[in-house]
Amino acid sequence: MKKNNKKITKVVSSSLALTLLLAGCATNQNKKTGDITKPSVEFKTLVQNDGNAVSDSHLKVGILSADPLTGMFNPIFFLQATDYYVMRDTMLYTFALDKDYRLKQDDNDAPAKFHLDKEKKEATITLRKDLKWNNGEDVTADDVIATYNLMGNPKYVENIRYSSDYEVIEGMKEYHEGKASSIKGIEKKDDKTVVIKYTDVRPSLLWGNGFITTFLNKAQVEEASKDFAKFSGANLNTKPLSYGPYYLDKQVNGESVLAKQNPHFFNKDKVKVKEIEFKAVSPSQAASVIKNGDVDYIRSLSPNIWEGIKDSKNGDVLGQTDLYVSYVGFKLGKFDKKEGKVLTDTSGKLGDVKLRQAFGYAVDWDQINDKLFKGLRYTPTGSGFFPPRIELAVNPNGKKFKKDVEKAKKLLDEAGYKDTDGDGLRENKNGEKLVFNYAARNTGSDLDQALADNFIKSWKEVGLDVKLVDGKLLSPKDWSTRVQADDPSIDIFQGAWGFFNNPNPNYIAGGTSKLNLPRYIDETLTKDLEAIDSKDSFDDNKIKEAFNKFDNDFAEVAPWIPLSWSTDIVWVNKRVKNIDLKKYNTFEQQFYELELTSDKGIKS
């Protein structure tokens, strides 16, 4: 794959995903030359049902999970996505977002208003005067400050949310290291206003880097901070106060949570759903639960569940590109814990980029997504980092890997990997036996082994000898432990990422990121990542250019080959009058605004 020297200047954004460019760039900046990629099965994002709304309605939300809810209901320090789903629609919404999931400035309708002064390097948070906790007390500047204090508290050693991103706040680093009793850069202007002073202001702040987007109650924070050994059991996490439309009232053994209307919610006159019941639904029972009308809304349905309910008449299936990518990664170095950085070594087994590209051209990625994943997943373009949900990050010139056995063989021949003993398998450049060890997970899906077998067979077709690590699929825990530890017995690994709304790939691909699992970084990618978060990138055109360039450059060196972008499949019962996923995802529409047309869910 040859690098095109033409400069890409047009990009479209996506929610933490950029499309892939592998075979060349546009020669005309206004002409889209990238591969068209989309799932074979596409869904609508909006449903509207007839009927009159019933009063005092009770919404039932299913949370797909094989395990019980953990009950760590802290909107900042939660540990499981299943707990997040309970909080997302009850107590989490604080700031308005734009279509690319950035903080909107000076929006007076949200619970809190955000204003950024780039020249002064200050962010101002202004709370609504009528914003109250569900116990009737005002939400104040002291609650905001207490939340930041907890984030940086040096005694909270189990805090997985704290990172150097917060150290752009003046005095946060000193506070976190125990050298200061307060955070110098956080000032209380009045009871409803907080000013945060930064040492530097970058575009990533608009996606929440170095900025907390929901707040905790000061009294509950102080109580929970007395003994961090008992932190998870504190009321802050099990019975949190809420300034959202609902508060959590009852929990039943990890099976369900009942949320009741917050009587002090500032927008209480617009709350149409009085209660929401969240309940865990195991994947094996999901189809019957849906058909029986036991849930009104359930998301993240697997292809197999979708197959079982797609023709049901009691509801609608909606779908939207998810913030997700799966990939096949190559181990190209290690992480130096002492130095806190990625150490890339291109002299290793997979150091030759032509070899990595050959792995890509040997596989029919489209067929895997169409057949194994039933057309609900599709082949990414470019780096795979930017699925087409955040428009700002989409690369219109991205290319995807397509099966081309002859091209794969030619690349291997050029790189010096040849079959010297006639057994059909290629030796290394020194004529020595060459075996690649491949780590794939056993996630419990019947597709796991089929996918691994497909890869191994495809790679063998071009002469690459690949074997499963330990001769079997690895448990998720074993896979995670060994891949993160850079186990030398692993050469290739199959992974996946669920992205946050921030499309900046630095937290996964950066040179100091532990999540950079291929352990690859170079000077070009470092400069690309710096450009994405440079001050110039407050301009949408500039940040589009920066996203595109990273996408192209990462795809060219291929530290991983993207396998799939996914569809987030949602089921909505026919008694829900209307819902729009696009508006729901940016909080323009919320559960409390939904209307139900009957007292019970419609059965199939």
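So, here's what we can say about the structure.

**Some details on the overall build of the protein**
A tally of helices and strands in the protein yields 16 helices and 20 strands. C-alpha extents for the protein along the principal axes are approximately 80 × 60 × 50 Å. Within the protein, contacts between residues separated by at least 24 positions form 73% of all contacts whose residues are at least 6 apart in sequence. Summing over all exposed atoms, the protein offers an accessible surface of approximately 26,500 Å²; the carbon and sulfur share of this is 44%. Seen as two clouds, the 90 positive and the 89 negative side-chain charges of the protein have centres 2 Å apart.

**Regarding the sheet that holds strand 17 (residues 466-468)**
In space, the 10 strands of this open sheet follow the order 8-9-10-3-11-19-12-18-16-17, with mixed pairing throughout. Each end of this open sheet is capped by a strand with a single partner; those strands are strand 8 (246-252) and strand 17. Pairing analysis gives eight bridges linking strand 3 (residues 57-64) to strand 10 (residues 273-281), with the strands arranged parallel. Residue pairing across strands places G62 opposite K279, the latter belonging to strand 10.

**Here's the deal with the pairing of strand 8**
Sheet analysis places strand 8 next to strand 9 (residues 256-261), joined by six bridges and oriented antiparallel. Its bridge partner lying in strand 9, V252 is registered against S256.

**Observations regarding the pattern of salt bridges**
The full count for this structure, using the stated rule, is 43 salt bridges. Close ionic contact of R102 with D98 constitutes a salt bridge, the shortest N to O distance being 3.1 Å. Note that R102 and D100 form a salt bridge whose closest N and O atoms lie 3.8 Å from each other. Residue classification places D100 among the buried residues on the basis of a relative accessible area of 2%. Within the structure, one salt-bridge network assembled from shared partners comprises D98, K99, D100, R102, E391 and D540.

**Side note on the sheet that holds strand 7 (residues 193-197)**
Taken in spatial order, the four strands of this open sheet run 4-5-7-6, and their pairing is antiparallel. Every interior strand has two partners, whereas the edge strands, strand 4 (112-117) and strand 6 (186-190), have only one. Geometrically, the sheet is characterised by an average inter-axis angle of 20° between neighbouring strands, direction not taken into account. Here strand 4 runs beside strand 5 (residues 122-127); their pairing, made up of six bridges, is antiparallel.

**A closer look at the packing of helix 8 (residues 353-361) against helix 10 (residues 405-415)**
Viewed as axis vectors pointing N to C, helix 8 and helix 10 meet at an angle of 165°, and their least axial separation amounts to 8 Å. By the criterion of interaxial angle, the relationship of helix 8 to helix 10 is roughly antiparallel. Considering only the axes of helix 8 and helix 10, their crossing is left-handed. Contacts from K354, L355, Q357, A358 and Y361 in helix 8 reach V405, K407, A408, L411, L412, E414 and A415 in helix 10.

**Brief notes about unusual backbone geometry**
The phi torsion at R519 lies on the positive side, around 60°, for a residue other than glycine. Here R519 is to be found in the loop between helix 13 (506-509) and helix 14 (523-532). One non-glycine residue with positive phi stands out, namely F587, at about 65°. By relative accessible area, which is 11% here, F587 ends up buried.

**What about the packing of aromatic side chains?**
Under the defined criterion, the tally for this structure stands at 40 aromatic pairs. The interplanar angle of 55° and the centroid separation of 4.9 Å between the aromatic rings of F265 and F266 together place this pair among those described as tilted. An aromatic cluster is present here, built from Y327, F385, F386, W479, F493, F499, F547, F550, F554 and W560 joined pairwise through their rings. Just above the ring of F538 sits the side chain of K118; from NZ or CZ to the centre is 5.0 Å. Cation over ring: K310 sits above W306, and NZ or CZ is 4.7 Å from the ring centre.

**Let's talk about the nonpolar core**
If you look at the biggest cluster of nonpolar residues, it comprises 85 residues, and the most contacted ones within it are I125, Y148 and F211. With seven residues, the top contributor of residues to this core is helix 2 (residues 141-152). Apart from residues no more than four positions distant in its own chain, Y148 is found in contact with I125, I169, M172, I183, I186, I196, F211, I212 and F215. Counting residues in hydrophobic clusters, the runner-up holds 77 residues, among them Y378, I456, I543 and I561.

**As for the environment of V469**
Secondary-structure assignment places V469 in the loop between strand 17 and helix 12 (476-484). With relative accessibility at 3%, the residue V469 sits in the buried group. Along the primary structure V469 and R519 are separated by 50 residues, whereas in three dimensions their C-alpha atoms are 19 Å apart. Excluding residues within four positions of it along the chain, V469 makes contact with N437, Y438, A439, L474, R482, S489 and I490.

**Remarks on the packing of helix 9 (residues 365-372) against helix 11 (residues 447-461)**
In contact at an axis separation of 12 Å, helix 9 and helix 11 are set at 160° when each is read in the N-to-C sense. By the criterion of interaxial angle, the relationship of helix 9 to helix 11 is roughly antiparallel. Remark: the crossing between helix 9 and helix 11 carries right-handed chirality. For the pair helix 9 and helix 11, contact is made by W365, I368 and L372 and by L447, A450, L451, N454 and F455, respectively. Among the residues forming the contact of helix 9 with helix 11, the class breakdown is seven nonpolar, one polar and no charged.

**Topic: the environment of E588**
Within the secondary structure, E588 sits in the segment after helix 16 (581-585). As for E588 and D419, which are separated by 169 residues in sequence, their C-alpha atoms are 59 Å apart. A polar contact of 3.0 Å, which involves the side chain of E588, links it to the side chain of T586.

**Some words on helix 12**
Looking only at helix 12, the buried set comprises W479, R482 and V483. Taken end-on, helix 12 shows its buried residues confined to a sector of 95°, consistent with a single buried face. Looking one or two residues past helix 12, D486 carries a phi angle of roughly 55°, positive in sign.

**Here's the deal with helix 14**
Regarding helix 14, the residues found buried are L525, D528, L529 and I532. Relative to the axis of helix 14, the buried residues are bounded by an arc of 95° and lie together on one face. Exposed side chains of helix 14 directed beyond 90 degrees from the buried face belong to E523 and E530. Of the surrounding elements, those touching the buried residues of helix 14 are helix 13 and helix 15 (540-557). Looking at where helix 14 begins, the residue whose side-chain oxygen comes 3.1 Å from the main-chain nitrogen of T524 is D522.

Parameters at a glance
Residues numbered from 1 in each chain as written. Predicted model: local features only at pLDDT ≥ 70, side-chain atom pairs only at ≥ 80, totals over all residues. Heavy atoms only, no water. Helix = DSSP H or I, 4+ residues; strand = E, 2+ residues; numbered from the N terminus. Contact = heavy atoms within 4.5 Å. Areas by Shrake-Rupley, 256 points an atom, 1.4 Å probe, with all protein chains shown as cover. Lys, Arg positive; Asp, Glu negative; His and termini not counted. Charge placed at Lys NZ, Arg CZ, Asp CG, Glu CD. Pairing = 2+ DSSP bridges. Salt bridge = Lys/Arg side-chain N within 4 Å of Asp/Glu carboxyl O. Buried < 20%, exposed > 50% of the residue type's maximum accessible area, 1.4 Å probe, protein only. Axes fitted to C-alpha atoms, helices over the stretch in contact; angles between N-to-C directions. Parallel < 35°, antiparallel > 145°, perpendicular 65-115°, else oblique. Left-handed = near helix turned anticlockwise from the far one by under 90°. Phe/Tyr/Trp six-rings, centres within 6.5 Å; stacked < 30°, edge-to-face > 60°. Lys NZ or Arg CZ within 6 Å of the ring centre and 35° of its normal. Core = buried A, V, L, I, M, F, W, Y, C linked by side-chain atoms within 4.5 Å. Nonpolar A, V, L, I, M, F, W, Y, C, P; charged D, E, K, R; others polar. Polar contact = N/O pair within 3.5 Å; in protein donor to acceptor, adjacent residues only side chain to side chain. Arc of directions from axis to C-beta.

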